[in-house]
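Inside the fold
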Amino acid sequence: MPRDTKLSGSAGEHYVCSMLARIGWAASLTRDGLARTDILAVQASAERRMIKVQVKTITAGMWPLGAKGTAGALSLSDREWYVFVRLGRLPDRPQTLDT
C-alpha cells in the first residue's frame, strides 16, 4: 500500500521541530497556506534570532527538485532555511540535509 504523502510530510515537519528544540530553538508548525514556510522558530538565547523553515520529506529515493520543487527558489535571506528529510523505514532514524 502506498504511503500517504501528507502524513509523511507531517512526520518530517515534526521531526525537524523536535531537532530544533534539542539545539535550543523554540519551533512551531505553521498552518497550511503560509507560502514557503512550514516551521517558524526563535532561538532561545538573548539574540532571539527568528528563522523560517521549509521541510521537504521523502520516504525513499531522491528529492524531486525542479521547476515545481525548490530549485530556483533558493533563499535570499539567512533567515530562510530548507531542510530535506528522508524518513526511510522503521526503526531507522530519519536522515536530514539542511541548506
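So, here is what we can say about the structure in this document. The residue numbers shown here count from 1 along each chain, following its written sequence. With pLDDT at 70 or above as the cut-off, local features in this predicted model cover only qualifying residues; side-chain atom pairs require 80 or more to be listed or tallied, and sums for whole chains, interfaces and linings still use all residues. Side-chain descriptors were evaluated using all non-hydrogen atoms of the structure, hydrogens and water having been removed beforehand.

Comments concerning the overall build of the protein chain
Just so we agree on the cut-off: Counting from the N terminus, the helices are the DSSP runs of H or I reaching at least four residues and the strands are the DSSP runs of E reaching at least two. Any residue under 20% of the maximum accessible area for its type is buried, any over 50% is exposed, and the rest in between are partly exposed; the area is computed with a 1.4 Å probe on protein chains only. Throughout, a contact is declared for two residues whenever any of their heavy atoms are within 4.5 Å.
For the protein chain, the count of helices and strands is 1 helix and 5 strands. Written out in order from the N terminus, the α and β elements of the protein chain read α-β-β-β-β-β. For the protein chain, the residues scored as buried account for 27% of the 99 residues in total. Residue pairs at least 24 apart in sequence account for 44% of intrachain contacts in the protein chain once pairs closer than 6 positions are excluded.

Describing the pattern of salt bridges
Our working rule: By definition here, a salt bridge exists when the distance from a side-chain nitrogen of Lys or Arg to a carboxyl oxygen of Asp or Glu is within 4 Å.
Counted under the stated rule, the structure contains 1 salt bridge. Salt-bridge contacts for Arg 36 lead to Glu 80; the nearest nitrogen and oxygen are separated by 2.8 Å. Of this pair, Arg 36 sits in the loop between strand 1 (25-29) and strand 2 (39-43) while Glu 80 sits in strand 4 (residues 80-86), and the two are 44 residues apart along the sequence.

Notes on the environment of Phe 84
Of note, Phe 84 is situated in strand 4. Owing to a relative accessible area of 8%, Phe 84 belongs among the buried residues under this scheme.

Observations concerning the side chain of Glu 13
Just so we agree on the cut-off: Charge assignment in this entry is limited to Lys and Arg as positive and Asp and Glu as negative, and neither His nor the chain termini are counted.
Here Glu 13 is to be found in helix 1 (residues 5-22). At 7.5 Å, Lys 6 is the nearest oppositely charged side chain to Glu 13, a buried residue that forms no salt bridge. Setting aside residues up to four positions removed in sequence, Glu 13 forms contacts with Leu 29, Asp 38, Ile 39, Val 55 and Thr 57.

Things to note about the nonpolar core
Here is the rule: Here the nonpolar core consists of buried residues drawn from Ala, Val, Leu, Ile, Met, Phe, Trp, Tyr and Cys, with membership extended through side-chain atoms lying within 4.5 Å.
Ranked by internal contacts, the top residues of the largest apolar core, which has 13 residues, are Val 16, Leu 20, Ile 39, Val 53, Val 55 and Val 85. Listed by contribution, the elements that provide at least two residues to this core are helix 1, strand 2, strand 3 (50-58) and strand 4. Examining the composition of this core, we find that 4 residues originate from one element, helix 1, more than from any other. Not counting chain neighbours up to four residues away, the residues in contact with Val 53 comprise Val 16, Leu 20, Thr 37, Asp 38, Ile 39, Trp 81 and Val 83.

Description of the environment of Ile 51
For Ile 51, the location among the structural elements is in strand 3. Overall, the relative accessible area of 0% leaves Ile 51 in the buried class.

Quick look at the pairing of strand 2
Applicable threshold: Here, a strand pair is defined by DSSP locating no fewer than two bridges between the strands.
Bridge analysis of strand 1 against strand 2 gives 5 bridges, and the strand direction is antiparallel. Paired with Ser 28 across the strands is Leu 40, a residue of strand 2. Note: strand 2 against strand 3, 4 bridges, orientation antiparallel. Its bridge partner lying in strand 3, Val 42 is registered against Met 50. Counting the residues between successive antiparallel strands, the hairpin from strand 2 to strand 3 contains 6 residues, one of them, Arg 48, with a positive phi of roughly 55°.

Things to note about the side chain of Thr 37
With respect to the secondary-structure elements, Thr 37 resides in the loop between strand 1 and strand 2. Those residues in contact with Thr 37 that lie beyond four places of it in its chain are Thr 30, Lys 52 and Val 53.

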